[in-house]
Amino acid sequence: MTANLEVRDGVGTIRLDRPPMNALDVATQDRLRELAEEATRREDVRAVVLYGGEKVFAAGADIKEMQVMDHAAMVVRSKALQDSFTAVARIPKPVVAAVTGYALGGGCELALCADFRIAADNAKLGQPEILLGLIPGAGGTQRLSRLVGPSRAKDLIFTGRHVRAEEALTIGLVDRVVPAAEVYEQAHAWAAALAKGPALALRAAKESIDAGLETDIDTGLTIERNWFAGLFATEDRERGMRSFVEEGPGKAKFL
């Protein structure tokens, strides 16, 4: 297997396992889609960590595999590539990327699919496709610009340069920088804390934010309003409000 799903404390870790650099070949891309769909289905998975191991997150696509593809082959493959990453981005549960070492090209694009990114202090991120005469093809031109803004995204994509962890934090490409030895445990702790929360409300929050960013504010407010009202039909809402009234804020325990 090029990747697997391990579950502990309500957290499913999607672990890339294609040494030495976790190059994202076709088999790994397809496996990521399968695991994202599994994590979406499984009720025992309430939050997700994306992880490549202690040394590297993912150093990008398998260039040797791509080199032999012609235009016709990539017309077919590029849709499947994007679909795999979109499946990760659309997991309706909190997702955090635990970024160690290199997260380049497709590796950076995979990290962009998460809701939150925790990076090692020695991490390097970037979109170097321009150096191959290409552009990012797994969502980088779209997700990166939405995350860090168009000017910063163009800087990174036009130059293909690598960004060290501290700069990535400054520009908003990652959300936290920690010692390399602590990346996975901190990511797992972040996910585990949210795994104890109200699953439907977390899903509603994620889908409202993500869908709202893709549309005008009036449509976004409609999406929010529909989710907000819909949550009044859930047991979690009853449990949360009852706990607030009887015990005070922040003490509700959700199933």
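As shown above, the structure is provided for reference.
Residues numbered from 1 in each chain as written. Predicted model: local features only at pLDDT ≥ 70, side-chain atom pairs only at ≥ 80, totals over all residues. Heavy atoms only, no water.

Asks: Give a detailed account of the pattern of salt bridges, specifying residues and quantitative values.
Replies: Here the idea is simple: oppositely charged side chains can pair when their charged atoms come close. Tallied over the entire structure, the rule returns 16 salt bridges. Close ionic contact of Asp 44 with Arg 42 constitutes a salt bridge, the shortest N to O distance being 2.8 Å. On the basis of relative accessibility, which here comes to 27%, the residue Arg 42 falls in the partly exposed class. For Arg 203, the salt bridge identified is with Glu 207, shortest N-O distance 3.0 Å. Of the two residues, Arg 203 and Glu 207 are both situated in helix α9 (residues 199–213); the distance of four residues between them amounts to about one turn of the helix. (Salt bridge = Lys/Arg side-chain N within 4 Å of Asp/Glu carboxyl O. Buried < 20%, exposed > 50% of the residue type's maximum accessible area, 1.4 Å probe, protein only. Helix = DSSP H or I, 4+ residues; strand = E, 2+ residues; numbered from the N terminus.)

Asks: How would you summarise the sheet that holds strand β2 (residues 11–16) if you had to cite specific residues and measurements?
Replies: An order of β1-β2-β3-β4-β6-β9 is seen for the six strands of this open sheet, with the pairing classed as mixed. Only two strands of the sheet have a single neighbouring strand rather than two, namely β1 (3–8) and β9 (176–178). Going across the sheet, the axis of each strand differs from the next one's by a mean of 20 degrees, ignoring polarity. The sheet contact formed by strand β6 (residues 116–120) and β9 spans three bridges and is parallel. By the bridge assignment, Ala 120 is partnered in β9 with Val 178. (Pairing = 2+ DSSP bridges. Axes fitted to C-alpha atoms, helices over the stretch in contact; angles between N-to-C directions.)

Asks: So what about helix α10 (residues 217–230)? Which residues, and what values?
Replies: Counted at 1.5 Å a residue, the expected span for α10 with its 14 residues is 20 Å, and the 20 Å between its end C-alpha atoms agrees. Two or three places before Asp 218, at the opening of α10, Asp 216 has a side-chain oxygen 3.1 Å from that residue's backbone nitrogen. (Expected span 1.5 Å × (residues − 1). Polar contact = N/O pair within 3.5 Å; in protein donor to acceptor, adjacent residues only side chain to side chain.)

Asks: Describe in detail the packing of helix α1 (residues 26–41) against helix α3 (residues 71–89), supporting the description with residues and values.
Replies: In contact at an axis separation of 8 Å, α1 and α3 are set at 35 degrees when each is read in the N-to-C sense. In this structure, α1 meets α3 at a crossing whose hand is left-handed. Taken together, the residues of α3 that come into contact with α1 (itself represented by Val 26, Gln 29, Asp 30, Leu 32, Arg 33 and Ala 36) are Arg 77, Leu 81, Asp 83, Ser 84, Ala 87 and Val 88. A breakdown of the residues in the contact of α1 with α3 according to their chemical character gives six nonpolar, two polar and four charged. (Left-handed = near helix turned anticlockwise from the far one by under 90°. Contact = heavy atoms within 4.5 Å. Nonpolar A, V, L, I, M, F, W, Y, C, P; charged D, E, K, R; others polar.)

Asks: Talk me through the packing of aromatic side chains; I want residue IDs and the actual numbers.
Replies: One pass over the structure, following the stated rule, counts three aromatic pairs. Seen in terms of ring centroids, Phe 116 and Trp 190 are 4.9 Å apart; in terms of plane orientation they differ by 5 degrees. Their pairing is stacked. Of this pair, Phe 116 sits in strand β6 while Trp 190 sits in helix α8 (residues 183–195), and the two are 74 residues apart along the sequence. Note on Phe 116: relative accessible area 17%, which makes it buried. Geometrically, the ring pair formed by Phe 228 and Phe 232 is edge-to-face, given 5.5 Å between the ring centres and 70 degrees between the ring planes. (Phe/Tyr/Trp six-rings, centres within 6.5 Å; stacked < 30°, edge-to-face > 60°.)

Asks: Requested: an account of the side chain of Asp 62, with residues and values cited.
Replies: Structurally, Asp 62 is set in the loop between β3 (47–51) and α2 (63–67). In terms of polar contacts, Asp 62 uses its side chain to reach the side chain of Arg 18, at 3.1 Å. Setting aside chain neighbours within four positions, we find Asp 62 in contact with Arg 18, Ala 23, Leu 24 and Asp 25.

Asks: Can you tell me about unusual backbone geometry, naming the residues and giving the values?
Replies: Cis geometry marks the peptide bond from Pro 19 to Pro 20, where omega comes out at 5 degrees. Looking at the secondary structure, you find Pro 20 in the loop between β2 and α1. Phi is positive for Asp 9, close to 55 degrees, though the residue is something other than glycine. Mapped onto the elements of the fold, Asp 9 is located in the loop between β1 and β2.

Asks: Give me the lowdown on the pairing of β2, citing residues and values where you can.
Replies: Burial within β2 is extensive, with five of its six residues counted as buried. Looking at chain direction, β1 and β2 are connected through six bridges and run antiparallel. Residue pairing across strands places Val 7 opposite Gly 12, the latter belonging to β2. If you look at the hairpin formed by β1 and β2, you'll find two residues sitting between the two strands, and Asp 9 has a positive phi there, around 55 degrees. The pairing of β2 with β3 spans five bridges and is parallel. Residue Val 11 lies in a different strand from β3, and its bridge partner there is Ala 47.

Remember, this is a structural readout, not a statement about activity or role.
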